[in-house]
Amino acid sequence: MVYKRLEKPETLIPNLTSGGVDGIQVTSAADVAALKDNPNITLEINENTGSIFDMLVNVSKPPLDKKEVRQALAYSLNRVEMAKTAFFGVSKPISSPFYNPNSMAYREDLVNYYAFDLDKAAKLLEGAGAKGLQLDGIVTPRRPQMKLYMLIWQSDLAKIGVKLNVQEVEIAKYYEYGADSKMLGIDVIPWLNARTTRDPAILFNTQAN
């Protein structure tokens, strides 16, 4: 077997379909969607990569320091629609990083604990005195799925009177926000974390954010 590292990711699929290579590894859900309907290609999806898309919340900023506000945000995420639209049906909607039964921290009742419920989210925000909430979030073009699911979230939050502003930044700046303990003042950042199927101690010691 000969492995090649191609300089340009956009040449992966043309190389495969032309017969230039026998197989490719893709990490973009958009690429997977393009391959699913090709009868000449066998697609294998690894559902246990241990990687998740999660949301970082700046708990140093009121009212995000209130548990009820963060719970409201969790209920306002339409994970089913995000998995279908932003991830082209490749990913599964989950609300716990420990979604795999092989994980030491797995609990079945938590995997889908935060079902999409805008009414519950609105009541939690009202109870926490956070009506009319405005949030600033960032995304990076390096991971296009992020912008897609942030726009879905933006639309749903607007239905309960929450305004979410989404700003695109280059990858280097994006990592600066994520590395700062107060997220450089931003409110929410979608992130990609890995190693969730390892020992939880490994997850928390390697995923510094």
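Starting from 1, residues in each chain are numbered consecutively following that chain's sequence as written. Only residues with pLDDT of at least 70 are given local features in this predicted model, and only at 80 or more are side-chain atom pairs given and counted; all residues enter the totals for whole chains, interfaces and linings. As a rule here, side-chain values come from all non-hydrogen atoms in the structure, and water together with hydrogens is ignored.

A. Focus on the overall build of the protein chain. Within the protein chain, the regular secondary structure consists of nine helices and four strands. Starting at the N terminus, helices and strands are each numbered in turn, a helix being any DSSP run of H or I of at least four residues and a strand any DSSP run of E of at least two. Tracing the protein chain from N to C terminus, the helices and strands come up as α-α-β-α-α-α-α-β-α-β-α-β-α. Three labels apply to residues, based on accessible area from a 1.4 Å probe with only protein chains included: buried if under 20% of the type maximum, exposed if over 50%, partly exposed otherwise in between. Buried residues in the protein chain amount to 35% of all 209 residues. For the protein chain, the separation between the mean place of its 24 positive charges and that of its 24 negative charges on side chains is 3 Å. Positive charges come from Lys and Arg, negative ones from Asp and Glu, while His and the chain ends are left out of the count. The location of each charge is read from NZ of Lys, CZ of Arg, CG of Asp or CD of Glu.

B. Expanded view of the pairing of strand β2 (residues 134-139). Note on pairing: DSSP must find at least two bridges between two strands before they are called paired. Bridge count for β2 against strand β3 (residues 163-168) is six bridges, and the pairing is parallel. Paired with valine 139 across the strands is glutamate 168, a residue of β3.

C. Local environment of the side chain of glutamine 207. With respect to the helices, strands and loops of the structure, glutamine 207 is situated in the segment after α9 (200-206). Here the side chain of glutamine 207 touches alanine 194 through a polar contact of 2.9 Å, landing on its backbone nitrogen. Note on definitions: a residue-residue contact is assigned when non-hydrogen atoms from the two residues lie within 4.5 Å. Among residues more than four places away in sequence, those in contact with glutamine 207 are Asn193, Ala194 and Arg195. The definition of a polar contact used here is a pair of N or O atoms within 3.5 Å, where within protein one atom must be able to donate a hydrogen and the other to accept one, and adjacent residues in sequence count solely through side-chain atom pairs.

D. Here's a closer look at the pattern of salt bridges. We define a salt bridge as a contact between a side-chain nitrogen of Lys or Arg and a carboxyl oxygen of Asp or Glu at a distance within 4 Å. Enumeration over the complete set of coordinates arrives at five salt bridges. Between lysine 61 and aspartate 187 there is a salt bridge, and its shortest N-O distance comes to 2.8 Å. With lysine 61 in the loop between β1 (52-57) and α3 (67-75) and aspartate 187 in the loop between α8 (171-179) and β4 (188-193), this pair connects stretches of sequence that are 126 residues apart. Exposure remark for lysine 61: the relative accessible area of 26% places this residue in the partly exposed category. Residue classification places aspartate 187 among the buried positions, given a relative accessible area of 5%. Linking glutamate 168 and lysine 147 is a salt bridge whose minimum nitrogen-to-oxygen distance equals 3.8 Å. Pair noted here: glutamate 168 is in strand β3 and lysine 147 is in helix α7 (residues 144-158), with a separation of 21 residues, a long-range link. Judged by relative accessible area, which is 41%, glutamate 168 ranks as partly exposed.

E. A look at α3. Where α3 is concerned, the buried positions are Val69, Ala72, Leu73, Ala74 and Tyr75. Residues of α3 that are buried sit in contact with α4 (79-85), α6 (118-127), β2 and α7.

F. Structural detail: unusual backbone geometry. Cis peptide bonds are those with omega within 30 degrees of zero, and the linkage from proline 62 to proline 63 qualifies with 0 degrees. Mapped onto the secondary structure, proline 63 falls in the loop between β1 and α3. One non-glycine residue, arginine 195, lies in positive phi territory at about 65 degrees. As for its position among the elements, arginine 195 is in the loop between β4 and α9.

G. Broad picture of α7. In this model α7 runs 22 Å from its N-terminal to its C-terminal C-alpha over 15 residues, within 8% of the 21 Å that 1.5 Å per residue would give. Along α7, the positions that sit buried rather than exposed are Gln145, Met146, Tyr149, Met150, Ile152, Trp153, Asp156 and Leu157. Burial along α7 is one-sided: seen end-on, the buried residues are contained in an arc of 160 degrees. Under the convention used throughout, the expected extent of a helix is 1.5 Å for every residue step, that is, one less than its residue count. In this description, one arc is meant: the one made by directions from the helix axis to the C-beta atoms.

H. Up close: the packing of α3 against α6. At a closest axis distance of 8 Å, the pairing of α3 and α6 adopts a crossing angle of 165 degrees. On the basis of their axis angle, the class for α3 and α6 is roughly antiparallel. Where α3 crosses over α6, the handedness of that crossing is left-handed. Note on element contacts: α6 touches α3 through Leu118, Lys120, Ala121, Leu124 and Leu125, opposite Glu68, Val69, Gln71, Ala72 and Tyr75. For helices, the fitted line uses only the C-alpha atoms of the stretch in contact; every axis is such a line through C-alpha atoms, and the angle between N-to-C directions lies from 0 to 180 degrees. Any angle that is under 35 degrees is reported as roughly parallel, and any over 145 degrees as roughly antiparallel; angles of 65 to 115 degrees are reported as roughly perpendicular and all others as oblique. For any helix crossing, the convention is left-handed if the near helix is rotated counterclockwise from the far helix by under a right angle, and right-handed if that rotation is clockwise.

Function-wise, these values are silent; they only describe arrangement.
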